[in-house]
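Below, each chain spelled out in residue letters.
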Amino acid sequence: MNILITGGAGFIGSNLVRWMLQKHPDNLIVNVDKLTYAGNLENLEDCEQLPNYRFVRGDIADGGLIKSVFQEYRFDVVINCAAESHVDRSIVGSSEFARTNIVGTNVLLELAKEFSLKKFVQVSTDEVYGSLGATGKFTENTPIHPNSPYSASKAAADFLALSYHHTFGIPVVVTRCSNNYGPFQFPEKLIPLMIANAMQDKKLPVYGDGLNVRDWIHVEDHCEAIDTVAQRGKEGELYNVGGNSERANIDVVKLVLRYLGKPESLISFVRDRLGHDRRYAIDSSKIQRDLGWKPRRVFEHGLEETVKWYVSNSGWWKRIISGEYQEYYKKMYEER
Ligand code: NAD
Ligand code: DAU
């Protein structure tokens with residue numbers, strides 16, 4: 001099969017490309033990525049030479065270019081991971097979020113209509129459900145109530161994707177996953193930012209009272225869920241994906257410090273994020289029951305392993321912080 005993974009140079013995308021290349025060596029994986037600030041070809045350095053991997057630099061909102069990629073590869077499956085993904089950036093400015101997350105998804109769906117596919121997986125987020133109180137979990141029937149420009153753009157994309165199933169019969173499946181952690185996460189997100197700051201003895205900025213809760217899942221568990229849904233997900237359905245690991249931010253930050261042997265005095269409580277969602281928790285019983293997927297990692301083990309990865313790969317995040325990574329991929333791209 002020919003599989004298109006969009007956003008494959010980002011955090012989840014690059015882990016997914018590697019996962020798919022390892023698990024399904026007979027498939028051709030084509031990674032289309034615009035290489036925004038969040039895209040980093042260094043994430044896939046070990047996959048570059050594989051015969052069943054191709055990289056195309058491209059914007060999913062550029063209909064002409066994406067059509068030419070569809071014409072060349074005649075995809076069986078499309079997995080749309082490309083997105084503007086950082087909530088804080090969407091609060092500063094949301095136009096790129098609307099363009100990539102909504103217009104880009106629309107371009108892919110229009111092409112899915114023109115070229116027949118076996119599956120179109122829209123990789124979405126639990127943030128479309130909004131915020132929970134102290135109890136309860138998000139199920140697939142929880143009403144959509146996005147609170148940030150980021151989550152609103154993702155919710156719009158979900159609705160578009162599902163409408164293309166209902167109206168045109170496109171084999172769309174939507175996954176809604178909770179907070180991922182693991183290797184190659186851009187150091188603007190909570191866990192890699194805290195690791196990088198602590199390693200440099202910089203302050204760790206915890207928003208508000210630090211008691212906001214996220215449900216953490218290792219990125220490889222998420223990749224396995226996406227792979228499972230791409231193979232066996234029922235068309236027109238939504239699947240929640242979660243790690244069963246609700247933790248308050250402050251507890252996550254303290255664990256990072258403990259694993260690094262750094263003092264809690266590095267923690268600095270700062271002004272809260274605007275519109276900050278209080279709590280997310282995912283009920284993933286549907287995908288477990290219907291498709292047989294379950295998360296494998298225990299959060300504390302996965303986090304300790306992840307901290308070790310950032311310690312052993314400090315060059316990776318230091319090249320991002322210095323801006324050198326963009327020179328690196330530009331040079332690599334120009335050499336092609
Ligand atoms: P990321 O920001 O690390 O990576 C996004 C990738 O998309 C980058 O490589 C970037 O260059 C690429 N991209 C951005 N705009 C593009 C465009 N117009 N055309 C082509 N490529 C473009 O994001 P991530 O954390 O890996 O998230 C991937 C997907 O998973 C997103 O759709 C996000 O909403 C979703 N998601 C993320 C999480 C999480 O915890 N990180 C959880 C649930 C769902
Ligand atoms: O729930 C899934 C979502 O998880 C994905 O859809 C998003 O793409 C992804 O970015 C993530 O969103 P969050 O906003 O939950 O992740 P972030 O890492 O930005 O923040 C996690 C929590 O930590 C959140 O409550 C805000 C807080 N935080 C974050 C940063 C960057 C801090 O306290 N300090 C920080 O410096």
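Structure shown above.
Keep in mind the model is a prediction, meaning the values are calculated, not measured. (Residues numbered from 1 in each chain as written. Chains lettered and ligands numbered in written order. Predicted model: local features only at pLDDT ≥ 70, side-chain atom pairs only at ≥ 80, totals over all residues. Heavy atoms only, no water.)

A. Representation of the nonpolar core in the model. Counting residues in hydrophobic clusters, the biggest one holds 35 residues, and the most contacted among them are Ile5, Leu16, Met20, Ile79 and Ile287. When neighbours within four sequence positions are excluded, Ile79 is seen to be in contact with Ile3, Leu4, Ile5, Thr6, Leu16, Met20, Val121, Val123, Ile226 and Ala230. Ranked by size, the runner-up nonpolar core spans 32 residues in total, among them Phe186, Met194, Leu257 and Phe299. (Core = buried A, V, L, I, M, F, W, Y, C linked by side-chain atoms within 4.5 Å. Buried < 20%, exposed > 50% of the residue type's maximum accessible area, 1.4 Å probe, protein only. Contact = heavy atoms within 4.5 Å.)

B. Layout of the site of ligand 2. Lining the immediate surroundings of ligand 2 are 24 residues, of which Asp126, Glu127, Tyr150, Arg273 and His276 lie closest. His276 is positioned with one of its side-chain polar atoms (N or O) 2.7 Å from an oxygen atom of ligand 2. Of all elements in the fold, only α6 (190-199) and β8 (204-207) reach the threshold of two or more residues within the shell around ligand 2. Split into classes, the residues belonging to the shell around ligand 2 amount to 10 nonpolar, eight polar and six charged. (Near = heavy atom within 4 Å. Polar contact = N/O pair within 3.5 Å; in protein donor to acceptor, adjacent residues only side chain to side chain. Helix = DSSP H or I, 4+ residues; strand = E, 2+ residues; numbered from the N terminus. Nonpolar A, V, L, I, M, F, W, Y, C, P; charged D, E, K, R; others polar.)

C. Seen up close, the pattern of salt bridges. Counted by the stated rule, this structure contains 21 salt bridges. One salt bridge in this structure joins Lys113 and Glu110, with 3.2 Å as the shortest N-O distance. With Lys113 and Glu110 both in helix α4 (residues 95-114) and three residues apart, this pair spans about one turn of that helix. Among the charged side chains, a salt-bridge network with shared partners connects Lys34, Asp59, Glu96 and Arg99. (Salt bridge = Lys/Arg side-chain N within 4 Å of Asp/Glu carboxyl O.)

D. Inspection of the sheet that holds strand β6 (residues 172-177) at higher detail. As summarised here, the arrangement of the seven strands in space is β3-β2-β1-β4-β5-β6-β11, forming an open sheet in which the pairing is parallel. The open sheet is flanked by β3 (53-57) and β11 (238-241), the only strands paired with a single partner. Neighbouring strand axes in the sheet, compared pairwise and without regard to direction, differ in orientation by 20° on average. Bridging between strand β1 (residues 2-6) and strand β2 (residues 28-33) involves five bridges; their strand directions are parallel. Counted as the bridge partner of Asn2 is Leu28 from β2. Here helix α1 (residues 11-23) sits on the sheet in contact with β1, β2, β3 and β4 (77-80), set at roughly 165° to β1. Strands β4, β5 (119-125), β6 and β11 of the sheet are contacted by helix α7 (residues 219-232), whose axis makes an angle of about 145° with β5. (Pairing = 2+ DSSP bridges. Axes fitted to C-alpha atoms, helices over the stretch in contact; angles between N-to-C directions.)

E. Here's a closer look at the pairing of β6. Counting buried residues along β6, six of its six residues qualify, which places the element largely inside the surrounding structure. Every second residue of β6 is oriented toward a common face, with Val172, Val174 and Arg176 on one face and Val173, Thr175 and Cys177 on the other, all of them buried. Two strands pair when backbone bridges link them, and β5 and β6 are joined in this way by six bridges, in the parallel orientation. Counterpart to Phe120 in the pairing with β6 is Val172. Following the chain from β5 across helix α5 (residues 149-168) to the adjacent parallel β6, one finds a crossover that is right-handed. Alignment of β6 against β11, held across four bridges, turns out to be parallel. Following the sheet pairing, Cys177 is matched in β11 by Val241. (Right-handed = clockwise from strand over helix to strand, strands pointing away.)

F. Main features of the site of ligand 1. Neighbouring ligand 1 are 28 residues, the closest being Ile12, Asp33, Ser85, Tyr150 and Lys154. One of the side-chain N or O atoms of Thr100 is found 2.9 Å from a nitrogen atom in ligand 1. Within the contact set of ligand 1, an oxygen atom lies 2.9 Å away from a backbone nitrogen or oxygen of Asn180. Protein contacts shield 97% of the accessible area of ligand 1, which totals 830 Å² for the unbound molecule. Those elements that place two or more of their residues in the shell around ligand 1 are α1, β5 and α5. Partitioned by chemical class, the residues of the shell around ligand 1 number 12 nonpolar, 12 polar and four charged. (Areas by Shrake-Rupley, 256 points an atom, 1.4 Å probe, with all protein chains shown as cover.)

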